[in-house]
Amino acid sequence: MEIFVKILIGIIAFIHIAFLVVQMFFWKTKFVQEKIVGDFSSEEISEILAINQGLYNGFLAAGLIWGFFMLQKVPQIEPSSIVIFFLICVAIAGIFGSITLKRPTAFLIQSLPAILALFLLWYPNL
């Protein structure tokens, strides 16, 4: 089961690298504009992107604050707690993205794998 969890975490990381590449390098392509942006106006997609970016910045701040307090209390941080924190962030981001985009795709691609990985980390003996 441990190998499966590690593979799943790797897949989740890869999915987010793909999001990064699409958003940074291919955003203006016809395919992305038709399939991802779709029927949103420029103003609507700008608002959706800004809201999602704010959420991600909140996750970065939460991670830094968490790390700051962990370093004060425990000099050696357990790696699984870091993975759990960021998997929770991914799950929340997918839920939030599904709501703001009004499409279940973000939940299926982002949240569901993260929730599965969390479940397997918390209950490894199933």
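The model shown is predicted, which means the values in this text are computed figures rather than measured ones. (Residues numbered from 1 in each chain as written. Predicted model: local features only at pLDDT ≥ 70, side-chain atom pairs only at ≥ 80, totals over all residues. Heavy atoms only, no water.)

Caption draft 1: Looking closely at the overall build of the chain. Each helix and strand counted, the chain has five helices and zero strands in total. Secondary structure of the chain in N-to-C order comes out as α-α-α-α-α. Each of the three principal axes of the chain carries a C-alpha extent, and together these read 45 × 35 × 25 Å. Within the chain, the fraction of its 126 residues that count as buried is 26%. Counting only contacts in the chain whose residues sit at least 6 apart along the sequence, the fraction spanning at least 24 positions is 65%. For the chain, the exposed surface amounts to about 8,900 Å²; the carbon and sulfur share of it is 72%. Within the chain, the 7 negative side-chain charges are centred at a point lying 4 Å from the centre of the 7 positive side-chain charges. (Helix = DSSP H or I, 4+ residues; strand = E, 2+ residues; numbered from the N terminus. Buried < 20%, exposed > 50% of the residue type's maximum accessible area, 1.4 Å probe, protein only. Contact = heavy atoms within 4.5 Å. Areas by Shrake-Rupley, 256 points an atom, 1.4 Å probe, with all protein chains shown as cover. Lys, Arg positive; Asp, Glu negative; His and termini not counted. Charge placed at Lys NZ, Arg CZ, Asp CG, Glu CD.)

Caption draft 2: Seen up close, the nonpolar core. Counting residues in hydrophobic clusters, the biggest one holds eleven residues: Val5, Leu8, Ile12, Ile84, Leu87, Val90, Ala91, Ala114, Ala117, Leu118 and Leu120. For this core, the elements supplying multiple residues, two or more each, are α1 (2–25), α4 (79–101) and α5 (105–122). The contacts of Ala117, once residues within four sequence positions are left out, are Val5, Leu8, Ile9, Ile12 and Leu87. Listed in part, the five residues of the second largest apolar core include Leu55, Phe59, Phe85 and Cys89. (Core = buried A, V, L, I, M, F, W, Y, C linked by side-chain atoms within 4.5 Å.)

Caption draft 3: The environment of Leu87, seen in detail. Summarising the element assignment, Leu87 is placed in helix α4. Residue contacts for Leu87: discarding those within four places in its chain leaves Ile9, Ile12, Ala114, Ala117, Leu118 and Leu121.

Caption draft 4: Quick look at the pattern of salt bridges. According to the stated counting rule, one finds two salt bridges in the structure shown. Here Glu34 and Lys30 are joined by a salt bridge, their closest N and O atoms 3.9 Å apart. In this pair, Glu34 and Lys30 both sit in helix α2 (residues 30–37), four residues apart, roughly one turn of the helix. (Salt bridge = Lys/Arg side-chain N within 4 Å of Asp/Glu carboxyl O.)

Caption draft 5: Just a nonpolar patch on the surface, in detail. Nonpolar side chains collect at one region of the surface, where Ile88, Ile92, Phe119, Trp122, Tyr123 and Leu126 lie side by side and expose about 620 Å² of accessible area between them. Those elements that place two or more of their residues in the nonpolar patch are α4 and α5. Tracing the backbone shows Trp122 in helix α5. (Patch = residues over 30% accessible without salt bridge, like charges linked within 9 Å, V, L, I, M, F, W, Y side chains within 5 Å.)

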